[in-house]
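If you want the building blocks of each chain, they are given just below.
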Amino acid sequence: DGPAIRDFIHVSDLADAHVAALRHLERGGECGPVNLGTGHGFTVRQVVQTAERILGKPIPATDAPRRPGDLAVMVADASKAASLFDWTPQHSSLDEIIATAAAWEKKRAG
């Protein structure tokens, strides 16, 4: 669904949040669900267009109807993570998320 809006988070930010949560628990902090994300949404089309620009080549993509039950917009509210473990994402730009993923994939592919 091209116009669907999602909150994409950099894997490094996700890992940092998990480490911060573990430290919080080690200090005796409360346990419970915490949303992690950037608080900003991008459409699937924006992700594809950004990836095409960064990679310098077209990416085959086909729009399809939204699946039953899928929300049109899904963006995280990470304020609880900020409050409990003093965590905020540091790599939230879509360009950085895609560029580092592409660099990792390139290095992995050899």
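Residues numbered from 1 in each chain as written. Predicted model: local features only at pLDDT ≥ 70, side-chain atom pairs only at ≥ 80, totals over all residues. Heavy atoms only, no water.

Colleague: Hey, could you run me through the pattern of salt bridges in this one?
Modeller: Note that side chains of opposite charge can pair when their charged atoms are close. As enumerated under the stated definition, the model contains four salt bridges in all. Asp63 is the partner of Arg45 in a salt bridge, and the nearest nitrogen-oxygen pair spans 2.4 Å. Of this pair, Arg45 sits in helix H2 (residues 44-55) while Asp63 sits in the loop between H2 and strand S3 (73-74), placing them 18 residues apart in sequence. Note on Asp63: relative accessible area 48%, which makes it partly exposed. Between Asp70 and Arg67 there is a salt bridge, and its shortest N-O distance comes to 2.8 Å. For Asp70, a relative accessible area of 28% translates into the label partly exposed. (Salt bridge = Lys/Arg side-chain N within 4 Å of Asp/Glu carboxyl O. Helix = DSSP H or I, 4+ residues; strand = E, 2+ residues; numbered from the N terminus. Buried < 20%, exposed > 50% of the residue type's maximum accessible area, 1.4 Å probe, protein only.)

Colleague: Hey, could you run me through the environment of Ser79 in this one?
Modeller: Structurally, Ser79 can be placed in helix H3 (residues 79-85). Residues Ser79 and Asp16, spaced 63 residues apart in sequence, show a C-alpha to C-alpha distance of 15 Å.

Colleague: I keep staring at unusual backbone geometry and nothing clicks. Help me out?
Modeller: Of note in the backbone geometry, Asp86 takes a positive phi value of approximately 55° without being a glycine. By the element assignment, Asp86 lies in the loop between H3 and helix H4 (94-109).

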